[in-house]
Amino acid sequence: MAQLPLIRLAGVGKEYPLAASGGDRLRTLWQLWRGRRATHVFRALSDISLELHRGQSLGLIGENGAGKSTLMKIIAGVVDPTQGTVERHGRIGALLELGAGFHPDYTGRENVFLAAALLGLTRAETTARLDDILAFADIGEHIEQPIKHYSSGMVVRLGFAIATTMKPDLLITDEVLAVGDESFQKKCSAWIEGYLADGGTLMLCSHSMYHIQKLCQKAAWIHEGRLFCHGDSADVTREYLAYHEERAQGDRPAGGSAQPGGLYALRNLRLNGASAQAPLALPMASDLHVSGSIHSPDGRVPGIAVGVVKADGTPIYGLVSDMDGYRPRAVDAQTYAFELTFPALPLLPGRYYIRAHAMDPEGLRLYDQLSCRLDITGSARELGMCRLAHVWGEGVDADCAVDERG
Amino acid sequence: MRSLWNHRWLFLALLEREVRNRYVGSVGGWLWAIVHPLLLLGIYTMVFRTIFRVEIPQLGEHPFVAFVALALWPWLAFQEGVQRGVQAVQANSALVRKVSFPHELLVYAAVTATFVVQLAGYALVLTILALFAGGLSAMVLLIVPILALLFLLALACALFGSALQVFLRDFDQLLGPLFMVLFYATPVLYPLALLPGWLGDILAFNPLAQFIEPVRALALFGSWTPSTFALASWAATLLLFVLARGFFLRLSPHFEDFV
């Protein structure tokens, strides 16, 4: 039994009947009742075959409308596929919408019971876990308030908290990590990592390649209702990002949603002249040169944003070319080059990332993002991330002028 | 059926919410469950006894108000149960679209909640009759299985209607007028025996008559003779439930597309 996959999809396809008017609906009702297929349909998914084994984690990626949500609904059992078969072995916890079972007029505490029952918990089980749920959600006094007074973040916290206590064999979530504040996102990520470490199975749908790479071993790219690419998450997400870059550059005419003329895009990013592929190791207090080129579809001078973040994503410093009045240099009609120097970079030893985004000439919108790893080497006994200029003085009697300090 | 048993906690949670939904945020709370039928009862008694001075020979010494009350609560349980049950799937579209669970539970919870509320009122009516109108016979216990069958009939109608309602949004518009006609075609305000022969024969085909009349006869007179019509109606109720559930289950995989 242990060899059975938790989920096995074979040749799964899904059609949605198209019925706008009342007459259409009546005809569709008649066809469905007789067990026929509807005549006017929208094909959401075709011929998807997938297996998910215990302990695996799968990320679903794809553009809006590609069929990811439909696929998750089919796996979760919310809808049946039109073609093909779905086998499920094990307890599935699907959070396709956190708080879907919540009633706005009831308090958080009252809502916990129905939401937990929808996930398959008995009343006694819910009562036993109530303290854990409330502790994880950490919304304090609000638990006694009606849900309608909650912020959307609080609803998500409560919804996810219920799922965490259920310990499903397979957890399916849809953009859970996109909502909630920073600390709650961290809490969720930590919980999911612990759940995976304990042998849990995860299926995550996200537009954040960072989350997919971090939490999923495998990724499946759904494109126009088909399984376009399936494999190691690093490979699939790289392909996916490359596809978007190429599409933004207009190399691939397919797909109609790109803006006319494509988008501003960062072609490459170099640290001290080295390509972004390999991390740069830089001794402390050396000069750092960040350079690269930007594609401008309409030939106007684009902007560039550069940021320095710690390995865990904590921002340290960021700036936009526009702020300093800097204009990248034209290389050809559609390419601009930039270079930014940080003399004697005051970062303390550790791992950092240099991130850069292409911006429109107005300096309003960020487009794509490239990032390079930067390892600052050397040793320093100071604490923190960054060496601040400082001077120690003679020191005065503490009773006197405090305002002399600084 | 086994899967339904596995979902019993979900059913109870949905039922609890349905019952509470009626009164959450209201001042009167459960009082409203009894006020509405009492008001109707008052109006019917006023109109038929005080204004039209209707005399029903079959009643004997029993008061008209008791006669109507004994039929009114089961009728209201049925009517309101079906109406709420028909809305149940559409009203919970957020759940249907996002969560995997047997959709029929929504219908069962809505109908059951209505029956719980109305039959609690009915129990009160029976108690009052027992205390002030000379007591009830032990035969009144036979009401329970008949009301259970009435409940099953309401479930069947609600299952059928709620599936239709998902596809045909104006289906519930039909229910108001339909129930108004049905109310007068059901012997709530009059006994079937009072009708002229040909009309009585037609209305005896109304299955609801075969629930209302025996319940009232058992409560009021402590006796009732089963008729072929009644037994046929009860058998038909079982069959109807099976058919309606089949209809619902065949369409329910498609609800997500339409709600």
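Predicted, not measured: the structure shown is a model, and the values here were computed from it. Counting restarts for each chain, with residues numbered from 1 along the sequence as it is written. As a convention, the first chain written is A and the first ligand written is 1, with the rest following in written order. Owing to the predicted nature of the model, reporting of local features is limited to residues with pLDDT of at least 70; listing and counting of side-chain atom pairs is limited to 80 or more, with chain, interface and lining totals taken over all residues. Values shown for side chains rest on all heavy atoms present in the structure; no hydrogens or waters enter the calculation.

## Looking at the overall build of chain A
What counts here: Counting from the N terminus, the helices are the DSSP runs of H or I reaching at least four residues and the strands are the DSSP runs of E reaching at least two. Each residue is placed in one exposure class: buried if its accessible area under a 1.4 Å probe, protein chains only, is under 20% of its type's maximum, exposed if it is over 50%, and partly exposed if it falls in between. For the accessible areas, the method is Shrake-Rupley and the probe is 1.4 Å, while residue cover comes only from the protein chains on display. Positive charges come from Lys and Arg, negative ones from Asp and Glu, while His and the chain ends are left out of the count. Lysine's charge is taken at NZ, arginine's at CZ, aspartate's at CG and glutamate's at CD.
When helices and strands are tallied, chain A shows nine helices and 19 strands. For chain A, the C-alpha atoms occupy an extent of roughly 85 × 60 × 45 Å along the three principal directions. Taking all 406 residues of chain A together, the buried fraction comes to 44%. Of the roughly 20600 Å² that chain A leaves accessible, carbon and sulfur atoms contribute 52%. Separation of charge centres in chain A, based on 40 positive and 47 negative side chains, amounts to 9 Å.

## So, the overall build of chain B
Defined as follows: Atoms counted for the radius of gyration: C-alpha only. Globule rule: 2.2 Å times the number of residues to the power 0.38. Whether two residues touch is decided by their heavy atoms; if any such pair falls within 4.5 Å, the residues are in contact.
When you go through chain B residue by residue, the secondary structure sums to 12 helices and zero strands. Listed N to C, the secondary structure of chain B is α-α-α-α-α-α-α-α-α-α-α-α in terms of helices and strands. Against the 2.2 N^0.38 benchmark of 18 Å for 259 residues, chain B shows a C-alpha radius of gyration of 19 Å, consistent with a compact globule. Its C-alpha atoms give chain B principal-axis dimensions of about 60 × 45 × 35 Å. In chain B, buried positions account for 52% of the 259 residues. Taking as baseline every contact in chain B between residues at least 6 positions apart, the subset at least 24 positions apart corresponds to 79%. For chain B, the accessible area works out to roughly 12100 Å², and carbon and sulfur atoms hold 71% of it.

## Focus: the sheet that holds strand β16 (residues 329-332) of chain A
All names here are of chain A. Short version of the rule: In this analysis, strands are considered paired if DSSP registers two or more bridges between them.
With antiparallel pairing, five strands are arranged side by side in an open sheet as β11-β10-β13-β17-β16. Either end of the sheet is taken by a strand with one partner, and the two such strands are β11 (274-275) and β16. Taken together, the eight bridges between strand β13 (residues 288-295) and strand β17 (residues 335-342) define a ladder with antiparallel strand orientation. Across the sheet, residue H295 finds its bridge partner in β17, namely T335.

## What to know about empty space enclosed by the protein
Residues and elements named next belong to chain A. Applicable threshold: Residues are said to line a cavity or pocket when one of their atoms sits within 4 Å of a point; the points come from a 1 Å grid over protein atoms alone, cavities being sets where a 1.4 Å probe fits but cannot get out and pockets being open sets with protein on both sides within 12 Å along at least five of seven lines. Grid points are joined across faces, edges and corners, and a volume is the space filled by probe spheres set on the points. When residue character is reported, Ala, Val, Leu, Ile, Met, Phe, Trp, Tyr, Cys and Pro are called nonpolar, Asp, Glu, Lys and Arg charged, and the others, Gly included, polar.
Applying the stated criterion across every chain yields a total of one cavity of 30 Å³ or more. Each pocket or cavity is described by its volume, and for the largest cavity that value is around 30 Å³. Forming the walls of the largest cavity are I7, L50, E51, L52, L58, I75 and M203. Along the lines of polarity and charge, the residues of the lining of the largest cavity split into six nonpolar, no polar and one charged.

## Notes on the interface of chain A and chain B
In many reports, interface size means the accessible area that the parts give up when they come together. Our working definition: Using a 1.4 Å probe, buried area is obtained as the accessible area two parts lose upon being combined, added over both of them. Any Lys or Arg side-chain nitrogen found within 4 Å of a carboxyl oxygen on Asp or Glu counts as a salt bridge. Counted as a polar contact is a pair of N or O atoms within 3.5 Å, where, for protein atoms, one must be capable of donating a hydrogen and the other of accepting one, and residues adjacent in sequence contribute only when both atoms are in side chains.
Facing 32 residues of chain A, the contacting portion of chain B comprises 30 residues. Between chain A and chain B, a total of about 2900 Å² is buried, with carbon and sulfur atoms accounting for 64% of that surface. Among the residues of chain A in contact with chain B, R25, Y106 and L118 of chain A are the three that bury the most area, contributing 22% of the side total. Our enumeration of links across chain A and chain B arrives at three salt bridges. Of the charged contacts in the structure, one is a salt bridge between K73 of chain A and E256 of chain B, with a shortest N-O distance of 2.5 Å. Where chain A meets chain B, there are 13 residue pairs in polar contact (both at pLDDT 80 or more). Those elements that provide at least two residues to the side of chain A that touches chain B are β1 (7-17), α1 (22-33), α2 (68-76) and α3 (108-118) of chain A. Looking at the side of chain A that touches chain B element by element, the count peaks at six residues for α1 of chain A. When the residues that make up the side of chain A that touches chain B are grouped by side-chain class, the tally is 17 nonpolar, six polar and nine charged.

## Description of the pattern of salt bridges
With the rule as written, the count across this model stands at 20 salt bridges over all chains. In this structure, K148 of chain A engages D105 of chain A in a salt bridge whose closest nitrogen and oxygen atoms are separated by 3.0 Å. Pair noted here: K148 of chain A is in the loop between α4 (123-137) and α5 (152-166) and D105 of chain A is in the loop between β5 (92-95) and α3, with a separation of 43 residues, a long-range link. R20 of chain B is the salt-bridge partner of E110 of chain A, the closest N and O atoms lying 2.6 Å from each other. Note that E110 of chain A is positioned in helix α3 and R20 of chain B in helix α2 (residues 8-23), a pairing that runs across two chains. The class of E110 of chain A is partly exposed, set by a relative accessible area of 32%. Overall, R20 of chain B belongs to the partly exposed group, its relative accessible area being 34%.

## Brief notes about the side chain of T45 of chain B
Residue and element names in this part refer to chain B. Tracing the chain through its elements places T45 in helix α3 (residues 31-51). A distance of 2.6 Å separates a polar atom in the side chain of T45 from the backbone oxygen of L41. When near neighbours in sequence (up to four residues on either side) are disregarded, T45 contacts T50, F64 and V65.

## Side note on the packing of helix α4 (residues 64-91) of chain B against helix α10 (residues 209-220) of chain B
Residue and element names in this part refer to chain B. To be explicit about the condition: Every axis in this analysis is a line fitted to C-alpha atoms, fitted for helices over the stretch in contact. Angles between the N-to-C directions lie between 0 and 180 degrees. Angles below 35 degrees are treated as roughly parallel, those above 145 as roughly antiparallel, those between 65 and 115 as roughly perpendicular, and all remaining angles as oblique. Crossing handedness is defined as follows: a turn of the near helix away from the far one that is anticlockwise and smaller than a right angle gives a left-handed crossing, while the clockwise case is right-handed.
In the contact formed by α4 and α10, the axes pass within 9 Å of each other and the chain directions differ by 135°. Looking at the two axes, α4 sits oblique to α10. As for the relative orientation of α4 and α10, their crossing is right-handed in sense. Side by side, α4 and α10 meet where A66, F67, L70, A71, P74 and W75 of the first sit next to I212, V215, R216, A219 and L220 of the second. For the contact of α4 with α10, the residue count by class is 10 nonpolar, no polar and one charged.

## Considerations on the layout of surface pockets
The computed volume of the second largest pocket comes to approximately 1100 Å³. Lining the second largest pocket we find 46 residues, and of these A76 and L118 of chain A together with H7, S100 and F101 of chain B sit closest to its centre. Counting residues per element, the ones that place at least two in the lining of the second largest pocket are β5, α3 and α5 of chain A together with α1 (2-6), α2 and α11 (228-251) of chain B. For the lining of the second largest pocket, the element with the highest residue contribution is β5 of chain A, accounting for four residues.

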